[in-house]
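Chain and residue survey
So you can see what is in the structure, the chains are spelled out below.
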Amino acid sequence: MGYITHPEAAIHMKPAPKVAQFSSRGPNSITPEILKPDITAPGVNIIAAYSEDPKPVLPYNIDSGTSMACPHVAGVVGLLKRVHPDWSPSAIKSAIMTTANIVDNTGKPMIDETKHEASPFSRGAGVIDPNRAMDPGLVYDLTVNDYLDFLCTRGYNKTIIQKFSGQPYECPKKYNILDLNYPSITVPKLNGTVTVTRRLTNVGLPGTYTVGVKSPVGISVDVKPNILAFGKNGEVQKFELTMKADGTRVGGDYVFGELTWSNGNHYHVKSPIVVSMA
């Protein structure tokens with residue numbers, strides 16, 4: 001005789017969170033200079049609104065997938081926009097990415113389905129943390145022209161770009177897609193030395209931030225300036241990050257590091273660094 005026991009909620013599972021087998025993976029096959037995925041969010045065994053198909057009607061169901069993680073992020077975006085109505089979509093994305101967690105509830109780096117440490121190609125910047133995202137300190141913001149310049153690098157002609165800009169737009173004669181002001185830094189096929197530029201906007205209190213770098217294996221990283229002082233909210237500061245192969249690696253797989261701007265107290269603005277050798 002068989003028995004069916006009453007279900008019980010499984011709580012305080014360890015380690016958690018971890019990246020599911022079905023989760024989307026990088027690198028970005030279309031634009032490898034932009035890290036994908038951006039962020040990790042809950043997507044396993046989620047109780048969610050379901051199909052209204054009459055056979056049968058299931059108003060709610062337990063489902064898993066990237067499609068379950070996306071609504072979590074969309075909800076957080078809505079909350080952040082309510083708290084900060086003046087923030088742009090890119091500022092919100094930056095706040096989410098730079099405050100994400102990369103450790104699990106055991107205090108160790110989060111893992112994937114293979115029980116190995118999850119890389120930025122599986123977890124992105126980390127697991128979304130809505131409360132921390134409300135107060136990121138600094139953000140990597142983007143303007144309309146930044147997006148138009150990106151389209152220029154993708155080979156879009158003036159006619160198509162004008163459909164986005166609403167007026168004629170002249171593509172810059174020199175523009176490096178690596179300089180797109182994204183909250184992560186990805187350099188595919190590094191050959192020699194490369195310098196990328198980023199802009200940080202202060203959305204917190206005035207303060208001084210010092211850079212910290214975990215260099216990818218085989219790559220030397222130099223940031224100038226290594227200290228940024230912000231005197232007021234909305235102030236923008238620029239920095240350059242130079243990467244060079246140190247000669248210990250020869251081509252092949254990607255390697256990973258991390259860039260952090262910290263005020264030594266509340267704010268730790270983190271960005272993944274992803275590099276492959278030519």
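Our subject is the structure that appears above.
Description of the structure in this document. Positions within a chain are numbered from 1, following the residues in the order the chain's sequence is written. Local features in this predicted model are restricted to residues whose pLDDT is 70 or higher, and side-chain atom pairs enter the listing and the counts only when it is 80 or higher, whereas totals over whole chains, interfaces and linings include all residues. Computation of side-chain values covers all heavy atoms of the structure but excludes hydrogens and water.

Section: the pattern of salt bridges
Take a side-chain nitrogen of Lys or Arg and a carboxyl oxygen of Asp or Glu: if they are within 4 Å of each other, that pair is a salt bridge. Taken as a whole, this structure holds six salt bridges when the rule is applied. Measuring nitrogen to oxygen at the nearest pair gives 2.6 Å for the salt bridge that ties Lys-36 to Asp-38. Of the residues examined, Lys-36 reaches a relative accessible area of 29% and is grouped as partly exposed. Categorising residues by exposure relies on relative accessible area from a 1.4 Å probe, with only protein chains included: less than 20% of the type maximum marks a residue as buried, more than 50% marks it as exposed, and the intermediate range marks it as partly exposed. Taking relative accessible area as the criterion, Asp-38 reaches 14% and is therefore assigned buried. Bridged by salt links that share partners, the residues Lys-36, Asp-38 and Lys-93 form one connected network.

Considering the nonpolar core
The term nonpolar core refers to a set of buried residues drawn from Ala, Val, Leu, Ile, Met, Phe, Trp, Tyr and Cys, joined through side-chain atoms within 4.5 Å. Counting residues in hydrophobic clusters, the biggest one holds 29 residues, and the most contacted among them are Ile-96 and Ile-128. Counting only elements with at least two residues in this core, the list comes to helix H1 (66-83), helix H2 (89-98) and helix H5 (144-153). For this core, the leading source of residues is H2, giving five residues. Here, two residues are considered to be in contact whenever any of their heavy atoms come within 4.5 Å of each other. In this view, Ile-96 contacts Ile-39, Val-76, Val-77, Leu-80, Ile-128 and Ala-133; residues no more than four positions away in its chain are not counted. If you look at the next biggest cluster of nonpolar residues, it comprises 27 residues, including Val-223, Leu-241, Met-243 and Val-269. A run of H or I in DSSP counts as a helix once it spans at least four residues, and a run of E counts as a strand once it spans at least two, with each numbered from the N terminus.

Thoughts on the state of the cysteines
Throughout, disulfides are identified as pairs of cysteine sulfur atoms within 2.5 Å of each other. Tallied over the entire structure, the rule returns one disulfide. Through a disulfide, Cys-152 is tied to Cys-171; the S-S separation comes to 1.9 Å. Taking the sign of the S-S torsion, -80 degrees for the link of Cys-152 and Cys-171, the bridge is left-handed. On the criterion of sequence distance, the pair formed by Cys-152 in helix H5 and Cys-171 in the loop between helix H6 (158-165) and strand S4 (185-190) is long-range, its members being 19 residues apart. The exposure class assigned to Cys-171 is partly exposed, which follows from its relative accessible area of 24%.

Without other data, these values stay purely geometric and don't point to any function.
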